[in-house]
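Coordinate analysis (summary)
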Amino acid sequence: MVSTHIGFPTETVIVFVVLAIGAIFIDLFMHRADKPITLKNAIFWSIFWVAVAMAFAGFLYIHHGAEVASLFVTGYALEKVLSVDNLFVMMAIFSWFAVPDRFRHRVLYWGIIGAIVFRGIFVAIGTGLLSLGPYVEIIFALIVAWTAVMMLKSGDDSEEIEDYSQHLAYRLVKRFFPIWPKITGHAFVLTQKEVDAELAKPENKEITIGRGTKAALYATPLMLCVAVVELSDVMFAFDSVPAIIAVSREPLIVYSAMMFAILGLRTLYFVLEALKQYLVYLEKAVIVLLFFIAAKLGLNATDHIWQHGYSISATTSLFVVLGVLALGIIASFLFPEKKDDEGKTN
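Residues numbered from 1 in each chain as written. Predicted model: local features only at pLDDT ≥ 70, side-chain atom pairs only at ≥ 80, totals over all residues. Heavy atoms only, no water.

Looking at an unreviewed UniProt entry, one finds the protein named TerC/Alx family metal homeostasis membrane protein, with Proteus alimentorum as its source organism. Comment text from UniProt for the protein, heading Sequence similarities (unreviewed entry), reads "Belongs to the TerC family." According to UniProt, the comment filed for the protein under the heading Subcellular location (unreviewed entry) is "Membrane". (UniProt positions renumbered as here; feature names shortened; annotations may be inferred.)

In structure tokens form, the structure reads like this:
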């Protein structure tokens, strides 16, 4: 593990906070309309968010040196790649809830805000736990390796759609709110007055509300979808945060790398949705990287215990992450999976 230490220098924290908050407001302002985000638009904004992250990397390079900048870029690239699998899960969630394309960016916005908050909590806990000793790193390594194994084993079942009505988040929302079963505009909740107005419409005469009594607020399918997305992302963070912590123990480096990677996920989702059928080896690249990160954590932990002297440098980690990502993308286009007569991949 690289021992580079920068702490929380005031100037760096201010630049990070200003860039992050500014990016959130830009994202909210530019995608506030209820219309689908086109592939061209999504690609443009994805490039923009990468440029913002690289601008912060340039700031780190100038003020803290090449080592810190390298750690940031490695963590950023790794989080970006690992997020791909999470975005594929979101695609399945949207499909199950039948969320129209024009509303998906609204769900993603709140999902990303939640991810930013929960990543901060997990990074604080994770970096704090590392101070307890190398055995914590071994636990982190096992968590990351277990995730890779589970992804490897579930590869053949990737086209199966989960029943999200049994999801814990779905059941929790249903426990506290009655459910209005139809998507009504971009509303996440409806008041009793709005529900009464909807029930008065002829096309809704067959709809029955789960609870017999009136309620102040009713959850819509969009609220249920947000809840499932949020909890799914929390579970994803259990694997993602230990992986990024393998790059550096510095909370500011870890969180800023994750933050800037997450900020671009909303537009990256629409790029991946359009290119999903072509990027068939991208998930395999993610699995390879998870095994690599598990090995990096394991080497660092055992070096602390037995002083064997073996470790993986920040520069090597950066080359491996970028190299595996590039190979996954190139292989997807050179060796596309063929589909049989039923539309299934072989």
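So much for the structure itself; the text now carries on.
**Details of the overall build of the protein**
Counting its regular elements, the protein contains 12 helices and two strands. Secondary structure elements of the protein, listed N to C terminal, follow the sequence α-α-α-α-α-α-β-α-β-α-α-α-α-α. Computed over its C-alpha atoms, the radius of gyration of the protein comes to 22 Å, within 12% of the 20 Å expected for a compact globule of 346 residues. Summarising its shape, the C-alpha atoms of the protein cover approximately 75 × 55 × 40 Å along the three principal directions. A burial count over the protein gives 49% of its 346 residues as buried. Residue pairs at least 24 apart in sequence account for 84% of intrachain contacts in the protein once pairs closer than 6 positions are excluded. Only carbon and sulfur atoms are counted for the fraction: they give 67% of the accessible area of the protein, which is about 17,200 Å². With 26 positive and 30 negative side-chain charges, the protein shows a spacing of 7 Å between the two charge centroids. (Helix = DSSP H or I, 4+ residues; strand = E, 2+ residues; numbered from the N terminus. Rg over C-alpha atoms; globule rule 2.2 N^0.38 Å. Buried < 20%, exposed > 50% of the residue type's maximum accessible area, 1.4 Å probe, protein only. Contact = heavy atoms within 4.5 Å. Areas by Shrake-Rupley, 256 points an atom, 1.4 Å probe, with all protein chains shown as cover. Lys, Arg positive; Asp, Glu negative; His and termini not counted. Charge placed at Lys NZ, Arg CZ, Asp CG, Glu CD.)

**Focus: the packing of aromatic side chains**
Going through the model one piece at a time under the given rule, you end up with 19 aromatic pairs. Residues Phe-72 and Phe-260 carry aromatic rings whose centres are separated by 6.1 Å and whose planes lie at 80 degrees to one another, so their mutual orientation is edge-to-face. Here Phe-72 is found in helix α3 (residues 66-97), whereas its partner Phe-260 is found in helix α9 (residues 251-263), with 188 residues between them in sequence. Both residues of the pair, Phe-72 and Phe-260, belong to the buried class. (Phe/Tyr/Trp six-rings, centres within 6.5 Å; stacked < 30°, edge-to-face > 60°.)

**Quick notes on the environment of His-304**
Along the chain, His-304 turns up in helix α11 (residues 282-306). Distance in space between the C-alpha atoms of His-304 and Pro-134 is 6.3 Å, their sequence separation being 170 residues.

**As for helix α8 (residues 221-245)**
Counted at 1.5 Å a residue, the expected span for α8 with its 25 residues is 36 Å, and the 35 Å between its end C-alpha atoms agrees. Taking the largest bend as the criterion, α8 deviates by roughly 35 degrees, centred on Ala-237. Counting buried positions over the 25 residues of α8 gives 21, a clear majority of the element. (Expected span 1.5 Å × (residues − 1). Bend = angle between axes of the 7 residues up to and from the residue.)

**Some thoughts on the side chain of Ser-83**
Mapped onto the secondary structure, Ser-83 falls in helix α3. Here Glu-79 takes part through its backbone oxygen, which lies 2.6 Å from a polar atom of the side chain of Ser-83. Discounting residues that sit within four places of it in the chain, Ser-83 has contacts with Phe-236 and Leu-265. (Polar contact = N/O pair within 3.5 Å; in protein donor to acceptor, adjacent residues only side chain to side chain.)

**Section: the layout of surface pockets**
Approximately 570 Å³ is the volume attributed to the second largest pocket. What lines the second largest pocket is a set of 22 residues, among which Val-50, Lys-80, Leu-268, Leu-325 and Ile-329 lie closest to the centre. For the lining of the second largest pocket, the secondary-structure elements that each account for two or more residues are α2 (39-64), α3, α10 (265-275) and α12 (314-334). Here the element with the most residues in the lining of the second largest pocket is α3; it accounts for six residues. Tallied by class, residues from the lining of the second largest pocket come to 19 nonpolar, two polar and one charged. (1 Å grid on protein atoms, 1.4 Å probe; cavity = no way out; pocket = protein on both sides within 12 Å on 5 of 7 lines; lining within 4 Å. Points joined across faces, edges and corners; volume = space filled by probe spheres on them. Nonpolar A, V, L, I, M, F, W, Y, C, P; charged D, E, K, R; others polar.)

**Observations regarding the environment of Glu-206**
Mapped onto the elements of the fold, Glu-206 is located in the loop between α7 (192-199) and β2 (217-219). Distance from Glu-206 to Ser-165, taken between C-alpha atoms, is 21 Å for residues 41 residues apart in sequence.

**Examining unusual backbone geometry**
Residue Ala-98 is not a glycine yet carries a positive backbone phi of 55 degrees. Inspection of the secondary structure assignment puts Ala-98 in the loop between α3 and α4 (101-130). Its identity is not glycine, yet Gln-307 carries a phi of approximately 50 degrees, on the positive side. Residue position: Gln-307 is located in the loop between α11 and α12.

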